[in-house]
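# Report on the structure
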Amino acid sequence: MKKSLETRMREGGYDGYAYAYPHKTAYRALVPPVSLKDAWQSEDKTSLFLYVHLPFCEMRCGFCNLFTTIQPGGDLVEQTLTAIKAQSRVLAEAINPERITQAAIGGGTPSFLSEAQLQSLFSDLSNTWPIEWQKIPTSFEASPGTLTPGKLALLRSLGVDRISLGVQSFLAEDLVALKRPQRREQVEQVCQWIKNAGFPVFNIDLIYGNEGQDAHRWQRSLDAAIEWLPEEIYIYPLYIGKLTNLDRSGRKPGEHRRELCRQARDFLLGAGYCQVSMRLFRRADVVRRTDYCCQDDGMLGLGPGARSYTRSLHYSTEYAVGQSGVKSIIKRFNSRNPAEFAMADYGVSLSVSEQKVRYVIKSLLRSEGISLAAYQGRFGVPLHADFPQLSDLFELELADEISGVVQLNAEGFIWSDTIGPWLYSDAVTSRMSAYEFA
């Protein structure tokens, strides 16, 4: 029997980061494979998100369960870039996109690439997709150890308007606990380079809840972050996933993560930031507009590990966390022929009921909330008829309904990682539980 929200909260509530639905652990082989031309034929292609996944890093952090490999040797990076370019051309021809309205380069650590490799990648994307870099939001993930002033100048000239820097902590003792070798002097130098380069949005990622971190240490890291006046700050609770280095060493997250989350929220709100989600805080004077809506519009993923989705089909390469599994998937991706790139062979089909769950989760866990009118306009049924369990949010004083919009309140955001998994369907929960990590 599915646990109630109240029970989940009593048991601790950190069930999982609900940033996407369904999670890749719910994906399976698609038999038979699905033609991408057929999958995208009836989709609206006037507002698409282009995502490029570059699965390379200079080091593997203790908490990392991303699809990435460290210090790739030989020609692996060049082979992967060549394969991405081939996939890009096949995908564009099959889908016939009309307009890219948002883009992101993630990983891994995209800044691991050289300037020449970055220039070549952006040039190929420009020649393949209907994209105007200078007119759309484009985000680029980076780590302090792989950025240079030259790379930053290049990215800014190419149209990147947002740099997201994985700092995680400004304190040496927390970095040791997270198994992330990094010097504060290097981080601060890179922060200065980013500010000098003039990106409209500079984001800093921080993690809280590692062993030994108390409120004082967390505050010192928060203080150090806002000294740089970043337009955005993401705060992530520590999760220790299977096959990560922290998992292998037997570490556990701190039991006071929720208190640290409240501490950061109160501090950042007082420092002039607005809360967009449990994790994202944006400076009040910053406006970031996009025509893309993840509840309604499609995503095109390029590269091994990249997720793509239409309204009814989510697909990617296979998923792995362990290094041998990741490397074998990259190798298979690099050896694909054009016909294979034209098919989706791993993913999950979403019924209308699953599309409804995704819509609710993606809407509810952000500050905009769920518009009752928009939901009924999309699905033809009142929200509360499909999701009567949402009444629990009001009873537990986690949400309000204001002017026809269901929104989490300040305390509701704190419990986002409980609310999201609580809304997962039984079918998706079962598939995720049965997934065998590699």
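This write-up is about the structure you can find in this document. (Residues numbered from 1 in each chain as written. Predicted model: local features only at pLDDT ≥ 70, side-chain atom pairs only at ≥ 80, totals over all residues. Heavy atoms only, no water.)

### Topic: empty space enclosed by the protein
The following threshold applies: Cavities and pockets are defined on a 1 Å grid built over the protein atoms alone: a cavity is a set of grid points where a 1.4 Å probe fits but cannot escape, while a pocket is an open set with protein on both sides within 12 Å along at least five of seven lines, and lining residues are those with an atom within 4 Å of any such point. Grid points are joined across faces, edges and corners, and a volume is the space filled by probe spheres set on the points. Note on conventions: DSSP H or I runs of at least 4 residues are helices, E runs of at least 2 residues are strands, and numbering of each starts at the N terminus.
Scanning the model with the defined rule gives 3 cavities of 30 Å³ or more in all. Of the pockets and cavities examined, the largest cavity occupies roughly 150 Å³. What lines the largest cavity is a set of 16 residues, and nearest its centre among them are Q87, Y315, S316, R336 and M343. Broken down by secondary-structure element, the contributors of at least two residues to the lining of the largest cavity are α3 (76-95), α12 (338-341) and β15 (343-349). Its volume calculated, the second largest cavity comes out at about 90 Å³. Lining the second largest cavity are C294, Q295, D296, D297, Y309, T310, R311, H314, Q355, R358, Y359 and R378. The element best represented in the lining of the second largest cavity is helix α13 (residues 352-364), accounting for 3 residues.

### Regarding the pairing of strand β18 (residues 405-408)
Which entries qualify depends on this criterion: Here, strands pair whenever DSSP counts at least two bridges between them.
In terms of strand pairing, strand β16 (residues 370-371) meets β18 through 2 bridges, oriented antiparallel. Bridging across to β18, S371 finds its partner in V405. For strand β17 (residues 399-402) and β18, the ladder comprises 4 bridges, and the chain directions are antiparallel. For A399, the partnering residue across the bridge sits in β18 and is L408. Hairpin geometry of β17 and β18 is characterised by an intervening segment of 2 residues between the two adjacent antiparallel strands and by a positive phi of about 50° at S403.

### What about the packing of α3 against helix α4 (residues 115-128)?
As a reminder, the rule being used: To obtain each axis, a line is fitted to C-alpha atoms, and for helices this fit is confined to the stretch in contact; angles are then taken between N-to-C directions over 0 to 180 degrees. Angular relationships are summarised with four words: roughly parallel below 35 degrees, roughly antiparallel beyond 145, roughly perpendicular across 65 to 115, and oblique for the angles in between. Contacts were defined at the residue level, with two residues in contact if any of their heavy atoms lie within 4.5 Å. When residues are sorted by character, Ala, Val, Leu, Ile, Met, Phe, Trp, Tyr, Cys and Pro go into the nonpolar class, Asp, Glu, Lys and Arg into the charged class, and all the rest, Gly among them, into the polar class.
In contact at an axis separation of 10 Å, α3 and α4 are set at 10° when each is read in the N-to-C sense. Here α3 lies roughly parallel to α4, going by the angle between them. Together, V77, E78, L81, I84, K85, S88, R89 and A92 of α3 and Q117, S120, L121, D124, L125 and T128 of α4 make up the contact between the two elements. In the contact of α3 with α4, the residues fall into 6 nonpolar, 4 polar and 4 charged.

### Considering the sheet that holds β16
By definition, the strands of a sheet pair up through backbone hydrogen bonds, in either a parallel or an antiparallel sense. The strand order β16-β18-β17 describes an open sheet built from 3 strands, whose pairing is antiparallel. Either end of the sheet is taken by a strand with one partner, and the two such strands are β16 and β17.

### Points about the pairing of strand β2 (residues 48-54)
Our working definition: For every residue, the accessible area (1.4 Å probe, protein chains only) is compared with the maximum for its type, and the residue is labelled buried under 20%, exposed over 50%, or partly exposed between those bounds.
With 7 of 7 residues buried, β2 is to be regarded as a mostly interior element. Burial along β2 is two-sided: the residues L48, L50, V52 and L54 and F49, Y51 and H53 are all buried. As judged from the 7 bridges shared by β2 and strand β5 (residues 100-107), these two strands associate in the parallel manner. Looking across to β5, one finds that F49 is bridged to Q102.

### Things to note about the pattern of salt bridges
Which entries qualify depends on this criterion: Within this document, salt bridges are pairs made up of a side-chain nitrogen of Lys or Arg and a carboxyl oxygen of Asp or Glu, the two lying within 4 Å of each other.
Evaluation of the coordinates by the stated rule reveals 23 salt bridges. The partner of E318 in a salt bridge is R332, with the nearest N and O atoms 2.5 Å apart. Taken together, the positions of E318 in the loop between β14 (313-315) and α11 (323-334) and R332 in helix α11 put the pair 14 residues apart, joining distant regions of the chain.

### Some points on α3
Our working definition: Helix span, as expected, comes to 1.5 Å for every residue beyond the first.
In a regular helix each residue adds 1.5 Å, so 20 residues correspond to 28 Å; α3 covers 28 Å between its end C-alpha atoms and thus fits that length. One or two positions beyond α3, positive phi appears at N96, with a value near 55°.

Remember, this is a structural readout, not a statement about activity or role.
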